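# Examining the three-dimensional arrangement
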Amino acid sequence: MLRLLTSILGLLLSFPAHALLINGAGASFPAPIYSKWFLEFQKQQADVRINYQSIGSGAGISQVISQTVDFGASDAPMKDEEMKKSHVPILHIPTVMGAVTISYNLPEYQGELKLTPILIAQIFMGKIKTWDDPELLKLNPNLSAVQQKHILVVQRSDGSGTTSIFTEYLSKVSESWKNEIGQGKSVSWPTGLGAKGNEGVSGVIKQNPGAIGYVELTFALANQLRTSAVQNAAGQFVKADLATVTAAAKDIKISEDLRMSITNSEAKQAYPISSFTYLLVPQTMPKEKGQKILEFLNWALSQGQAMTGVMHYAPLPDKVVAKAKLNIQKIQLQ
């Protein structure tokens, strides 16, 4: 990660003063792959600089609506009421698929942590408070070695697409969660400690033995966090990786506007907390910037997909790529 950031800084310093500046902001979930993409694209387009701020999906949606950025980014598709607030129609362009892991810090625990949907809901609702709770021990008998260590729940403090994915999943698998907490980019957490961005949540988990939180896969791997095996809709315990995220979209039905969900997929090998992430692009844009954004989008949906695996994201299914390219043709340049 440090090497990538150093490369980006070096590239930015080399930009000519007249370079066209394109501003984007939003989700932290895809920030690592976006950083790599912008770096590679700018190597081919020396007259373009893409500045992306990883500030959370909620802020990304707000800024694209207010037109303070040229494009936004969100893991959670915009709601109809959000779409209506924009002066111009907003297109959802899926870019990659990723996973929200249940990451934890238990140095004294040996073995793989298995979690059912109900256990996850109970932990994040504060109903399971210690690592040796009898309900956890049924699936993970070796947790008895952890004794009565308190569980520190870590969640996002900012408006987050990662939170939206996670709470959407929990609302599908737990009636208690659906009725008491619900789904959204921000929810009222009954327990735990908040941190900003996937970066912040990863850092808090890493620094606190006994902590557990929800973190995008790339951030979990970059911080060497242990991740849980989660029981999916088919009853299988699976961990997040490229194959299990890809499996989650196996039988997807493509919507016209590409606002889609793949949480709690019924596919046998699917990781159940998987998701698309989106660039939010105004359908009408100024000609010069719009042309470069168009070129970038087509590049991301072709050459860019070949880079996803290295960054621990899954490439889009071919049929989703085909539909996204059709939707890009709706962009009008003024």
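Every chain is numbered on its own, with residues counted from 1 as its sequence reads. Since the coordinates come from a predicted model, pLDDT governs what is reported: local features require at least 70, and pairs of side-chain atoms require 80 or more to be given and counted, while whole-chain, interface and lining totals use all residues. Side-chain numbers come from the whole structure's heavy atoms, not from hydrogens or water.

### So, the overall build of the protein
What the protein contains, in helices and strands, is 13 helices and 14 strands. The globule rule used here is 2.2 Å times the number of residues to the 0.38 power, and the radius of gyration it is set against is calculated over C-alpha atoms. The C-alpha atoms of the protein give 20 Å as radius of gyration, which agrees with the globular expectation for 334 residues (20 Å, within 12%). With the principal axes as the frame, the protein shows a C-alpha extent of 65 × 40 × 30 Å. The classification of residues rests on relative accessible area computed with a 1.4 Å probe and restricted to protein chains. Under 20% of the type maximum is buried, over 50% is exposed, and intermediate values are partly exposed. Looking at the protein residue by residue over its 334 residues, the buried ones come to 57%. The long-range share in the protein, meaning contacts at least 24 apart out of those at least 6 apart in sequence, stands at 76%. The helix count covers DSSP runs of H or I at least four residues long, the strand count covers runs of E at least two residues long, and both are numbered beginning at the N terminus. It only takes one pair of heavy atoms within 4.5 Å for two residues to be counted as in contact.

### Points about the sheet that holds strand E5 (residues 114-115)
At least two DSSP bridges between two strands are required for those strands to pair. One open sheet holds the three strands; their spatial order is E5-E10-E11, and the pairing between them is mixed. Lying at the two open borders of the sheet, with one neighbouring strand each, are E5 and strand E11 (237-238). Examined bridge by bridge, strand E10 (residues 229-231) and E11 share two bridges and lie antiparallel to one another. Its bridge partner lying in E11, Gln231 is registered against Phe237.

### Topic: the confidence of the model for the protein
pLDDT measures how confident the predictor is about each residue, on a scale from 0 to 100. Counting all residues, the mean pLDDT for the protein is 94, and 95% of those residues have values of 70 or more. This stretch, residues 5-15, has a pLDDT under 50; its non-local contacts, to residues over four places away or in other chains, come to 10 contacts.

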